[in-house]
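# Results of the structural survey
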Amino acid sequence: MKTIAALTLFTLSLDPTWAIAETYAEKLGWPEGTKVLIVHIDDAGMSHDSNLGTIKALEQGMANSFSVMMPCPWVSEITKYIAENPDSDAGLHLTLTSEWDGYRWGPSAGKPTVPGLVDKEGALWGKVEDVVEKATPEEVDIEIRSQLDRARTMGFEPTHLDSHMGTLFADMNFLEKYIQLGAEEGIPIMFPGGHVYFTAQENPNWPVSLIQLMGKKVWDAGLPVLDDLHNTSYGWKREDKVEKFVEAVHDIKPGVTMMIVHCTDPTETFPLFTSSSESRLGDLEGVMSPEFKKAIEDEGIILTTFRELKQRRDAVKEKEHAVGIREAELAYPVDRVAHRIVRCEV
């Protein structure tokens, strides 16, 4: 996931005195030092093979969360699975790009509505840079809301939102639309805003302090926040993946970490449009390996989902509300209020 220098503009709307005092896992009620993990599969709905890999990783491996690319042709298959498994932690992989040659998809909102999101083939742009250059924030907002609307039309209420190829993180105005949608709808968003140990290594140019301040904004909007995001397995060689997944688990720091994988069970057609078959199969093998499971158990890591994060964040909001009422009562006791009301009536 990439970002740009425009992130620095965000400092004007945030409190620079705020700093990370505790992990978001602690804020959400886990004890200090707890390591919490979401093993998340991207790209469900992209193809039949992607759906096969997603389901296998969920049912036979350690993956416990996934997100769906609503503009893609195989969405109906995975939404049927979601309907049959209503407790699934299934989100929207908000999609603004169509990156494969010979296998393309267009915007859910349609070309006349969002022309800046469409290339000469009538599909979404192939590169993130093209989206940033050609699309307006308003078009992005229309499209991501259209994808949410289609999910709901299909009877699918997402547990979270995230961003395909990190496009929504590539422009500050896009990012604000993403945060706004989650806040308005009360849907958790993928946002690493804690210690960002892995994220900072993967994105050396990220302004960490600013990202943490943005995380506070997301938290203050009533949404849960991730402490960290691990998103490097796509570039690993298939034969190295089990070992590297184990190493990554041992390197997880306290807090809520989301580990992104792309699990596909390729058929003979999958390599016809992408060269990523081996990498995606390697992710599937990695999360299904006994070594990966053992590493999670050895580290005492707790698996969670966005569904649970929302439940915990809602519980914290209720406590915050109760504390606020109590503090108001202590500052201005009820009997004094009643006394003034009586005097006014007299």
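So, how was this worked out
- Residues numbered from 1 in each chain as written.
- Predicted model: local features only at pLDDT ≥ 70, side-chain atom pairs only at ≥ 80, totals over all residues.
- Heavy atoms only, no water.
- Buried < 20%, exposed > 50% of the residue type's maximum accessible area, 1.4 Å probe, protein only.
- Helix = DSSP H or I, 4+ residues; strand = E, 2+ residues; numbered from the N terminus.
- Arc of directions from axis to C-beta.
- pLDDT = per-residue confidence, 0-100.
- Contact = heavy atoms within 4.5 Å.
- Polar contact = N/O pair within 3.5 Å; in protein donor to acceptor, adjacent residues only side chain to side chain.

## Observations regarding helix α11 (residues 290-298)
Every buried residue of α11 is accounted for by F292, A295 and I296. Around the axis of α11, the buried residues are gathered within 100° of arc, so they sit on the same side. Facing away from the buried side of α11 by more than 90 degrees, the exposed set consists of P290 and E297. At the exit of α11 stands G300, carrying a positive phi of roughly 65°.

## Some points on the confidence of the model for the protein
Overall, the predicted model of the protein reaches an average pLDDT of 91, with 88% of residues at or above 70. Confidence, expressed as mean pLDDT per element, reaches its minimum in the protein at helix α13 (residues 334-345) with 42 and its maximum at strand β2 (residues 65-68) with 99. In this model residues 1-19 is a low-confidence stretch, pLDDT under 50, and it forms 43 contacts with partners more than four residues away in sequence or in other chains. Throughout residues 336-346 the model reports pLDDT below 50, and contacts reaching past four residues in sequence, or to other chains, amount to three contacts.

## Points about the side chain of S98
With respect to the helices, strands and loops of the structure, S98 is situated in the loop between β3 (90-94) and α4 (128-134). Setting aside chain neighbours within four positions, we find S98 in contact with Y103, R104, W105, A123, L124, W125 and G126.

## A short note on the environment of K294
Note on placement: K294 falls in helix α11. What makes K294 partly exposed here is its relative accessible area of 49%. C-alpha of K294 to C-alpha of V246: the two residues are 48 residues apart in sequence and 8.6 Å apart in space. At a separation of 2.7 Å, a polar atom in the side chain of K294 contacts the side chain of D298.

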